[in-house]
Amino acid sequence: MELGIKGLAETVVTNANTAKAAGSGTLDVFATPCMVALMEEAALHSVAPYLAEGEGTVGTKLCVSHDAATPLGMNVRAESELVEIDRRRLVFNVSAYDECGLIGKGTHERFIINGEKFLAKVNAKKAAE
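Summarised in this report is the structure supplied together with it. Values in this document were obtained by computation on a predicted structure and should not be read as measured data.

Tracing the backbone through its elements, the reader meets V76 in strand β3 (residues 75–86). V76 sits 20 residues away from A96 along the chain, and the two C-alpha atoms are 7.0 Å apart.

Below, the structure written as structure tokens:
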């Protein structure tokens, strides 16, 4: 894995990914949580080919702004670029665009995990109840 790896994810604004549907607002515009998820998707898929068997990544930190609203029917794309690698910690610059330009930007952090070990730790929470 090396710096500069880029990712892309795309969607169309529909009733299912509006602020009203996501519960993050009352309007039929692209929801901030959906923009964030699209940014995470771009980052996730960009590094997946570089991971070992059984490894994955989990999102741990986001710092983004949502600067412009996008109406129903418009295309949205998210882009990511890997800008820092610190052992298992990966940091990405992320941005999102609609057909008129930039709608959001920021940084996103993910950690490389072993899927089996990660799930075992998570499921141990149930046993602690």
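After presenting the structure, the write-up continues.
If you walk across this open sheet you meet the five strands as β1-β3-β4-β5-β2, and the pairing is antiparallel. Where the open sheet ends on each side, the last strands, each with one partner, are β1 (6–12) and β2 (55–66). Each neighbouring strand pair of the sheet contributes to a mean axis angle of 25°, computed without reference to strand direction. Both β1 and β3 contribute to a ladder of seven bridges, which runs antiparallel. Along β3, the bridge assignment pairs A9 with A78. Of the strands in this sheet, β1, β2, β3, β4 (89–98) and β5 (101–114) are in contact with helix α2 (residues 32–47), which crosses β2 at around 140°.

A few words on the pattern of salt bridges. Across all of its chains, the model carries nine salt bridges by this definition. A salt bridge links D86 to R89; the shortest N-O distance between them is 3.7 Å. Residues participating in the shared-partner salt-bridge network are E84, D86, R87, R89 and E109.

Scoring rules and cut-offs
- Residues numbered from 1 in each chain as written.
- Predicted model: local features only at pLDDT ≥ 70, side-chain atom pairs only at ≥ 80, totals over all residues.
- Heavy atoms only, no water.
- Helix = DSSP H or I, 4+ residues; strand = E, 2+ residues; numbered from the N terminus.
- Pairing = 2+ DSSP bridges.
- Axes fitted to C-alpha atoms, helices over the stretch in contact; angles between N-to-C directions.
- Contact = heavy atoms within 4.5 Å.
- Salt bridge = Lys/Arg side-chain N within 4 Å of Asp/Glu carboxyl O.

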